[in-house]
Amino acid sequence: MRRPTILLVLPLLAGLAACSGSQPAPASGSGAASPASGGAQLNGAGATFPAPLYTKWVAEYGKVAPNVQINYQPLGSGAGIRQLTNRTVFFGASDQPMTDEQLKAAPGKVLHLPTVLGAVVPIYNIPGITTELRFTGPLLAGIVLGKLTKWNDPAIAKLNPGVTLPDMAITVVHRSDGSGTTFIWTDFLSKVSPEFKSTVGADASVRWPTGVGGKGSEGLTGMVRQTPGSFGYVELLYALQNKITYGAVQNSSGEFVRASIDAVSAAAASAAPAMPADFRVSITNPPGKDAYPIASFTWLLLYEDPGDPARARALVDFVRWALKDGRSFARDLGYAPVPDNVLEMEMRALDTIKVQ
Amino acid sequence: MSERRFNFRTDEALFRGGTGLFAVLLIVIVGAIGFELYRQSILSINEFGWQFWQTDVWDPVAGEFGARPFIWGTLYSSILALLISTPIALGIAIYISELSPTWMQRPLVFLTELLAAIPSIVYGLWGIFVLVPVVRQLQVATPDWMRSLPFFTGPPLGVGMLSAALILAIMVIPFSSSVAREVLRSVPQAQREAAYALGATRWEAIRMALFYARTGIIGAIMLGFGRALGETMAVTMVIGNSPRITWSLFAPQYTMAAVLANEFAEAASELYLHALVEIGFVLFIITLIVNAISRAFIWSMGRQRKPRAALRTAAARASA
């Protein structure tokens, strides 16, 4: 009975010591910071939508600059903004731009840099219908608000001549988890429907007037696939990967556009002339004949003065490489890359980051 | 010899101190969790006060937060799950400990414990792809006279309270039945032998054992209830995630744990974040209350005089 008492107490003391003593090891950054000789550790966190691309970028950049260690944690846009504000990460990422209040709450000036674009497509499950349906913005808002309750509603039938729509109730499915997808979707609906804007509004989570919530893209798709008469929305990328039929949406020029990587890049290009200097722009429902209307940038968030010159330089080098050389990976993975005119603006913005 | 005794005494003190420290640590941890939840939700507590418990609106865009539909959904789904799982769990426990042939015991125990080892995300996916379609078929087949009852209103969506309660029940069964089985096994053999000696039938002897083990069995059920209250992933995948208060089993509803898991990552505004943490705080308080009630229940049962009905009938038959 002698030894066990000691053995019981020791792990506790060790545990207490570990709790109080652990501090993240400071990153060692050498002054010379060409891409190949950084030796810096960069931690980032944020949006989940571009995470596969960012992971790819990090892996590929590891071959270009083996000394720079980059960790990206896809915790969600809200968490990314929070951690950036608390300076627990060196860079953040978000599917929606920071609000004025959030910028004010941050301890330094934050730059937004668009990396790629996301688009959201309407999906549906109507027994007997495999063709691609057409929607207008107000029609989508009417369905989501619960105003249109039947698939054979004259408003839907008029847009889709030649399709025999059944007398079936529409079950609206939305994302229950906070998501950039929901933000893009509600941002678009708010632009095309004043009623949607005043009763629901745009955010990553909103108060839905009707319908059921599925968790994650896979949960939503599962519900749509199994519920006859259901209607929902997913990322274009997810729809393409899973071969889900989706509808075409009328853009502001009156054209019905089926979402594709090119149609999404077209939306970005047409929004570029009106791009504000801080890149915080919503490009849903943009002008342009070929533009797909439900699209948005996703942003990297960087401090203008990151405070640590060596790491700042490593970060700027990485972002410059990712935006220029990393574009081919974006296309391979199915993301719509940022158009050239926006890219040039971003390169100029990157120069303003303090690396000295 | 004397040195040995001295060591023995310090060992005693060390052992007592060490284990006591762990016990105190537990209290400190619970207190720290409660305090931290309170601290992180202070904005929302100041803004909404008691209204938080009484409002139905959950609107992140407008910054209005009320937890009532989530409290309702959590309690309703857990109680339904308990109603479904308790008879099944007790049946399993009684069969394994009292009635089954020995060769069946091991496989049965293994299988019920296997249910407990399945991750909840797997239950959730199984729920979406297998359970929900079956529930929808049931809902479609519901006769019209039943639909006029408040429990069966609404369109047949499949997802909703019924699916959530069923999946929770399945998840809770292994916990309740394992503990109930252990409790039944701890009933002294002498009790059963005494019952048989008085001429009790098998059923009467089992009732004796059940009565003897009643506090432990209530504890087993409450353990399941606690698990049902906090279950997140499987529930959120089948409950429909729609904050509303209704008796309808067909309607999509929402639970506290589910809204936390769903909205935490993307919550950017401070008030929103604090409102979410307050949901966690409310769940913490409700769990404490539920546990306190079950403790009080068990305690009051322990004070009751033992009803002797079962024994009396057995004795009467023996003397006849």
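Residues numbered from 1 in each chain as written. Chains lettered and ligands numbered in written order. Predicted model: local features only at pLDDT ≥ 70, side-chain atom pairs only at ≥ 80, totals over all residues.

1. Comments concerning the overall build of chain B
Cut-off, in case you're wondering: Only DSSP runs of H or I with at least four residues qualify as helices, and only runs of E with at least two residues qualify as strands; both kinds are numbered from the N terminus onward. In this description, a residue-residue contact is defined by the distance between C-beta atoms placed from the backbone, which must lie within 7 Å.
For chain B, the count of helices and strands is 15 helices and two strands. Here the analysis covers contacts within chain B between residues at least 6 apart in sequence; of these, 77% occur between residues at least 24 apart.

2. A word on the overall build of chain A
Here is the rule we go by: Think of it as a crowd count around each C-beta: if 20 or more other C-beta atoms lie within 10 Å the residue is buried, if 12 or fewer it is exposed, and in between it is partly exposed, with C-beta placed from the backbone throughout.
Of the regular secondary structure elements, chain A holds 14 helices and 12 strands. Looking at chain A as a whole, 50% of its 356 residues qualify as buried. Of the contacts formed within chain A by residues at least 6 apart in sequence, a portion of 74% connects residues at least 24 apart.

3. Things to note about unusual backbone geometry
Residues and elements named next belong to chain A. The backbone of K243 sits at a positive phi, close to 55°, despite the residue not being glycine. Among the structural elements, K243 can be located in the loop between α10 (236–241) and β9 (248–250). Residue class for K243 comes out exposed when judged on the 6 C-beta atoms lying within 10 Å of it. Phi is positive for F279, close to 65°, though the residue is something other than glycine. Among the structural elements, F279 can be located in the loop between α11 (261–271) and β11 (295–303).

4. What about the pairing of strand β3 (residues 91–94) of chain A?
Residues and elements named next belong to chain A. Note the following rule: Here, a strand pair is defined by DSSP locating no fewer than two bridges between the strands.
Covered by surrounding structure in β3 are F91 and A93 together with G92 and S94, the residues of both alternating faces. The pairing of strand β1 (residues 41–46) with β3 spans three bridges and is classified as parallel. Considered in β3, the bridge of A45 is made with G92. Of the pairings in the sheet, the one linking β3 to β11 comprises four bridges and is antiparallel in character. Each bridged residue has a counterpart across the sheet, and for A93 the counterpart in β11 is L300.

5. Topic: the pairing of β11 of chain A
Residue and element names in this part refer to chain A. With respect to burial, β11 is a largely interior element, nine of its nine residues being buried. Residues of β11 alternate between two faces, with A295, F297, W299, L301 and Y303 on one and S296, T298, L300 and L302 on the opposite face, all of them buried. The sheet contact formed by strand β4 (residues 110–125) and β11 spans nine bridges and is antiparallel. Paired with A119 across the strands is A295, a residue of β11.

6. Remarks on the interface of chain B and chain A
Every contact between the two is made by 30 residues of chain B and, on the other side, 34 residues of chain A. At six residues, the largest contribution of residues to the side of chain B that touches chain A is made by helix α1 (residues 2–40) of chain B.

7. Examining the packing of helix α8 (residues 161–185) of chain B against helix α11 (residues 214–230) of chain B
All names here are of chain B. For the record, the criterion: To get an axis, fit a line to the C-alpha atoms, keeping to the stretch in contact for a helix; angles then go from 0 to 180 degrees between the N-to-C directions. Note on angle classes: values under 35 degrees are labelled roughly parallel, values over 145 roughly antiparallel, values of 65 to 115 roughly perpendicular, and the remainder oblique. Handedness of a crossing is defined here by the sense of rotation of the near helix relative to the far one, left-handed for an anticlockwise turn of less than a right angle and right-handed for a clockwise turn. Under the grouping applied here, Gly and all other residues not named as nonpolar or charged are polar, the nonpolar ones being Ala, Val, Leu, Ile, Met, Phe, Trp, Tyr, Cys and Pro and the charged ones Asp, Glu, Lys and Arg.
Relative to each other, α8 and α11 sit at 155°, their axes nearing to 8 Å. Taken together, the axes of α8 and α11 are roughly antiparallel relative to one another. Taken as a pair, α8 and α11 cross one another with a handedness that is right-handed. Here L168, V172, F175, S176, V179, A180 and V183 of α8 lie close against α11, whose contacting residues are G216, I217, G219, A220, I221, L223, G224, R227 and A228. Looking at the contact of α8 with α11 residue by residue, the classes come out as 11 nonpolar, four polar and one charged.

8. Some thoughts on the confidence of the model for chain A
Low-confidence regions, as indicated by low pLDDT, have predicted coordinates that should not be scrutinised in detail. Quick reminder of the rule: For every residue, the predictor reports its confidence as pLDDT, a number between 0 and 100.
In this model, chain A carries an average pLDDT of 85, and 89% of its residues clear a pLDDT of 70 or more. Between residues 1–38 of chain A, whose pLDDT stays under 50, and residues either more than four places distant or in other chains, the model counts 40 contacts.

9. Quick notes on the sheet that holds strand β5 (residues 134–135) of chain A
All names here are of chain A. The strand order across the open sheet formed by three strands is β5-β9-β10, and the pairing between neighbours is mixed. A single partner strand is all that each edge strand has here, and the edge strands are β5 and β10 (256–257). Bridging between β9 and β10 involves two bridges; their strand directions are antiparallel. Looking at the pairing, V249 lines up with V257 of β10.

10. A word on the nonpolar core
The test is simple: In this description, a nonpolar core means buried residues of the types Ala, Val, Leu, Ile, Met, Phe, Trp, Tyr and Cys, linked to one another by C-beta atoms lying within 7 Å. All the domain ranges listed were derived from an automatic or database domain assignment.
Of all hydrophobic cores here, the largest spans 181 residues; its most connected members are V264 of chain A together with V238 of chain B. It is α8 of chain B that provides the largest number of residues to this core, a total of 17 residues. The residue makeup of this core includes at least three contributed by each of domain 1 (11–117 + 296–350) and domain 2 (119–274) of chain A. Beyond its immediate sequence surroundings of up to four residues, V264 of chain A is in contact with L117, A119, L236, A259, Y292, A295 and A336 of chain A.

11. Points about the packing of helix α5 (residues 102–117) of chain B against α8 of chain B
Residue and element names in this part refer to chain B. Interaxial distance between α5 and α8 falls to 8 Å at its minimum, and their mutual angle equals 135°. In terms of orientation, α5 and α8 fall into the oblique class. Crossing hand, α5 versus α8: left-handed. Contacts from T112, E113, L115 and A116 of α5 reach α8 at I173, P174, F175, S177 and S178. Residues of the contact of α5 with α8, tallied by class, amount to five nonpolar, three polar and one charged.

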